[in-house]
Amino acid sequence: AQSVTQLGSHVSVSEGALVLLRCNYSSSVPPYLFWYVQYPNQGLQLLLKYTSAATLVKGINGFEAEFKKSETSFHLTKPSAHMSDAAEYFCAVSVVNAGGTSYGKLTFGQGTILTVHP
Amino acid sequence: DARVTQTPRHKVTEMGQEVTMRCQPILGHNTVFWYRQTMMQGLELLAYFRNRAPLDDSGMPKDRFSAEMPDATLATLKIQPSEPRDSAVYFCASGPRFSDGLGEQYFGPGTRLTVT
């Protein structure tokens, strides 16, 4: 079974500071990994995805994530935080069934709320 | 700009009443997911469909919840009878055909349900 663990339910940074949101995964097969963002009173929005093409993945709004197999990690970073980045961020892994197929089902982490201070 | 739409956006109802939530997936998408989000439990998958066929509804309380896709443009989630513990935000998401196995999902804005 596949799972993800997000370290830290709340992260607070100053505007202009580095953003680092941590995600570790567990998977017996090569994983497909995702970061989604949820702004207040909205649905989740795909930020970026790793599907084995390149280990460093760039997403929208200046975010990027690096897949590190040796560390089973997929941390999300942004060099300089902006006030508009304040949201909840979810790491997710695609679920593969016993037969090795998947239909796009995801297992989500518990989420990390990012607060950006002026 | 293709989007997943959900109706109603807000619903307040009394315990015991039937609640129906509707979702229109993005045209051409072949997978549809229903999620429930609460502060205590976070994001929970209730059910999902591929090509309108239910693949997994193990996340739903079977005695009161039901999910269907009458056609490719409509997915419904019903609760009968509703209970206060069903109060949550319910999200629908759809996935594009090319994304089978990849997990790329597009979420609607959600239906905020309050059961009193």
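Residues numbered from 1 in each chain as written. Chains lettered and ligands numbered in written order. Predicted model: local features only at pLDDT ≥ 70, side-chain atom pairs only at ≥ 80, totals over all residues. Heavy atoms only, no water.

### Here's the deal with the sheet that holds strand β8 (residues 74-79) of chain B
Residue and element names in this part refer to chain B.
Item 1. Reading across the sheet, the four strands line up as β1-β3-β8-β7 and stay open at both edges, with antiparallel pairing between neighbours. Of all the strands in the sheet, the pair left with one neighbour each is β1 (5-7) and β7 (65-71). The average undirected angle you get between the axes of adjacent strands in this sheet is 20°.
Item 2. Pairing of strand β3 (residues 19-24) with β8 involves five bridges; the strand directions are antiparallel. Bridged to Arg22 within β8 is Thr76. (Pairing = 2+ DSSP bridges. Helix = DSSP H or I, 4+ residues; strand = E, 2+ residues; numbered from the N terminus. Axes fitted to C-alpha atoms, helices over the stretch in contact; angles between N-to-C directions.)

### Thoughts on the confidence of the model for chain A
Item 1. When pLDDT is averaged along chain A, the result is 91, and 95% of the positions lie at 70 or above.
Item 2. When pLDDT is averaged over each helix and strand of chain A, the minimum, 89, is found for strand β10 (residues 106-108) of chain A and the maximum, 98, for strand β8 (residues 73-78) of chain A. (pLDDT = per-residue confidence, 0-100.)

### A short note on the packing of aromatic side chains
To describe a pair of aromatic rings, one takes the distance between the centres and the angle between the planes.
Item 1. Summed over the entire model, instances satisfying the criterion amount to 14 aromatic pairs over all chains.
Item 2. A ring pair is formed by Phe34 of chain A and Tyr36 of chain A, whose centres lie 6.3 Å apart and whose planes are at 35°; its orientation type is tilted. Each member of the pair, Phe34 of chain A together with Tyr36 of chain A, is buried.
Item 3. Seen in terms of ring centroids, Tyr50 of chain A and Phe74 of chain A are 6.2 Å apart; in terms of plane orientation they differ by 50°. Their pairing is tilted. On the criterion of sequence distance, the pair formed by Tyr50 of chain A in strand β5 (residues 44-50) and Phe74 of chain A in strand β8 is long-range, its members being 24 residues apart.
Item 4. Each member of the aromatic cluster is reached from another via a ring pair, and the members are Phe34, Tyr36, Phe90 and Phe108 of chain A together with Phe33, Tyr35, Tyr48, Phe91 and Phe107 of chain B. (Phe/Tyr/Trp six-rings, centres within 6.5 Å; stacked < 30°, edge-to-face > 60°. Buried < 20%, exposed > 50% of the residue type's maximum accessible area, 1.4 Å probe, protein only.)

### Notes on the pattern of salt bridges
Item 1. Under the counting rule described, the total for this entry stands at nine salt bridges over all chains.
Item 2. Between Glu104 of chain B and Lys49 of chain A there is a salt bridge whose closest N-O contact spans 2.3 Å. You can see Glu104 of chain B sitting in the loop between β9 (88-95) and β10 (106-107) and its partner Lys49 of chain A sitting in strand β5, one on each of two chains.
Item 3. Exposure remark for Lys49 of chain A: the relative accessible area of 29% places this residue in the partly exposed category.
Item 4. Among the salt bridges present, the one from Arg64 of chain B reaches Glu83 of chain B, with a minimum N-O distance of 3.5 Å. Note that Arg64 of chain B is positioned in the loop between β6 (53-56) and β7 and Glu83 of chain B in the loop between β8 and β9, a separation of 19 residues in sequence. (Salt bridge = Lys/Arg side-chain N within 4 Å of Asp/Glu carboxyl O.)

### Side note on the interface of chain B and chain A
Item 1. Across the contact, 23 residues belong to chain B and 20 residues belong to chain A.
Item 2. Taken over both partners, the interface formed by chain B and chain A buries close to 1,800 Å², and the fraction arising from carbon and sulfur atoms is 57%.
Item 3. Applying the counting criterion to the chain B and chain A interface returns two salt bridges.
Item 4. Along the contact surface separating chain B from chain A lie five residue pairs in polar contact (both at pLDDT 80 or more).
Item 5. Breaking the side of chain B that touches chain A down by element, the ones donating at least two residues are β4 (31-38), β5 (42-50) and β6 of chain B.
Item 6. Among the residues forming the side of chain B that touches chain A, the class breakdown is ten nonpolar, seven polar and six charged. (Contact = heavy atoms within 4.5 Å. Buried area = accessible area lost by both parts, 1.4 Å probe. Polar contact = N/O pair within 3.5 Å; in protein donor to acceptor, adjacent residues only side chain to side chain. Nonpolar A, V, L, I, M, F, W, Y, C, P; charged D, E, K, R; others polar.)

### Brief notes about the environment of Thr115 of chain A
Residues and elements named next belong to chain A.
Item 1. Along the chain, the position of Thr115 falls in strand β11 (residues 112-117).
Item 2. Overall, Thr115 belongs to the partly exposed group, its relative accessible area being 32%.
Item 3. As a C-alpha pair, Thr115 and Glu15 span 100 residues in sequence and 9.5 Å in three-dimensional space.
Item 4. Among all residues touching Thr115, those that are not within four sequence positions of it are Val11, Ser12 and Val13.

### Let's talk about the state of the cysteines
Item 1. Considering all chains together, one arrives at two disulfides over all chains under this definition.
Item 2. Through a disulfide, Cys23 of chain A is tied to Cys91 of chain A; the S-S separation comes to 2.0 Å. Its S-S torsion of approximately -65° makes the covalent link between Cys23 of chain A and Cys91 of chain A left-handed. A residue pair is termed long-range when its members are at least 10 positions apart, and Cys23 of chain A in strand β3 (residues 19-26) and Cys91 of chain A in strand β9 (residues 87-94) qualify at 68 residues.
Item 3. Cys23 of chain A sits in the buried class, given a relative accessible area of 0%.
Item 4. A relative accessible area of 0% means that Cys91 of chain A is categorised as buried.
Item 5. The disulfide that involves Cys23 of chain B links it to Cys92 of chain B, with 1.9 Å between the sulfurs. Looking down the S-S bond of the Cys23 of chain B and Cys92 of chain B bridge, the torsion is -60°, so its handedness is left-handed. Of the two residues, Cys23 of chain B sits in strand β3 while Cys92 of chain B sits in strand β9, which places them 69 residues apart along the sequence.
Item 6. Overall, the relative accessible area of 1% leaves Cys23 of chain B in the buried class. (Disulfide = S-S within 2.5 Å.)

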